[in-house]
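Each chain is listed here by its residues.
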Amino acid sequence: AYFGDWLADCIQGDGRNSCELSVQLRRADGQAVPGDGEASTMTLVRRSSERTTVVLRFPGIEVDSPEKFRWRVDGYGFGSIPGSTIRVDESATRQLLTERRFIRDDLMPLLLGGTEVGVSIRDGGGDYQGTLIGLSRALDFADNFIAGNDDL
């Protein structure tokens, strides 16, 4: 289901429900996306008890350190994310955020109260931005699905 630009992809399996909420991150300068034209994305993986992990995916870009990512929500820049990890393979670079307390207490309130998320990748990686409009409805949908109140 779509909520603005946010896609909620929910699955049932092994007695557990989960949802991936994703939005495209567009180049802020309007330049073409690196790689095969595949879009960069921000994905929130939502599980029971409002547990969330965050994955940024940048196809065609190789980044070796989480310190090269600079985050912002609207006008608030909070730099690199402590405790995040980087995964690089032939298809993309991924930044993984799994620190539960940071996501719950710091990141999610900013995302839910904001209108735009931005990520700058230092050393020529570019600036990316995505809308946050529709995220709260997507999260409500996901939480209802995970609780077993909605079917596929």
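Refer to the structure printed above.
Residues numbered from 1 in each chain as written. Predicted model: local features only at pLDDT ≥ 70, side-chain atom pairs only at ≥ 80, totals over all residues. Heavy atoms only, no water.

Draft legend 1. Main features of the nonpolar core. If you look at the biggest cluster of nonpolar residues, it comprises 38 residues, and the most contacted ones within it are W6, L21, M42, L44, F58, W71 and L111. Elements with a minimum of two residues in this core: β2 (6-13), β3 (16-27), β4 (40-47), β5 (51-59), β6 (69-73), α1 (100-113), β10 (116-121) and α2 (135-146). If one sorts the elements of this core by residue count, α2 sits on top with 6 residues. With residues up to four places along the chain from it excluded, the contact list for W6 reads A1, L21, S22, V23, M42, L44, T131, L132, I133, G134, L135 and A138. (Core = buried A, V, L, I, M, F, W, Y, C linked by side-chain atoms within 4.5 Å. Buried < 20%, exposed > 50% of the residue type's maximum accessible area, 1.4 Å probe, protein only. Helix = DSSP H or I, 4+ residues; strand = E, 2+ residues; numbered from the N terminus. Contact = heavy atoms within 4.5 Å.)

Draft legend 2. Spatial organisation of the environment of V88. Turning to its location among the elements, V88 is positioned in strand β8 (residues 85-88). Assessed through its relative accessible area of 42%, V88 is described here as partly exposed. Residues V88 and P59, 29 residues apart in the sequence, show an inter-C-alpha distance of 9.6 Å. Not counting residues up to four positions away in its chain, the partners in contact with V88 are E62, V63 and T93.

Draft legend 3. Structural view of the state of the cysteines. Counted under the stated rule, the structure contains 1 disulfide. At a sulfur-sulfur separation of 2.1 Å, the disulfide partner of C10 is C19. Here the disulfide of C10 and C19 is right-handed, its torsion about the S-S bond being about 110°. Residue C19 is classed as buried on the basis of its relative accessible area, which comes to 1%. (Disulfide = S-S within 2.5 Å.)

Draft legend 4. Looking closely at the environment of R72. Examined against the element boundaries, R72 turns out to sit in strand β6. R72 sits in the partly exposed class, given a relative accessible area of 27%. Each C-alpha atom of the pair R72 and V117 lies 5.9 Å from the other, and the pair is 45 residues apart in sequence. In this view, R72 contacts G77, F78, E116, V117, G118 and Q129; residues no more than four positions away in its chain are not counted.

Draft legend 5. Structural context of the pairing of β6. Every second residue of β6 is oriented toward a common face, the buried set being F69, W71 and V73 and the non-buried set R70 and R72. Pairing of β6 with β10, which is carried by 5 bridges, proceeds in the antiparallel orientation. Counterpart to W71 in the pairing with β10 is V119. Two elements, β6 and strand β7 (residues 76-79), share 3 bridges in a ladder whose sense is antiparallel. Opposite W71, over in β7, you have G79 as the bridge partner. Between the antiparallel neighbours β6 and β7 lie 2 residues, among them D74 with a positive phi of about 50°. (Pairing = 2+ DSSP bridges.)

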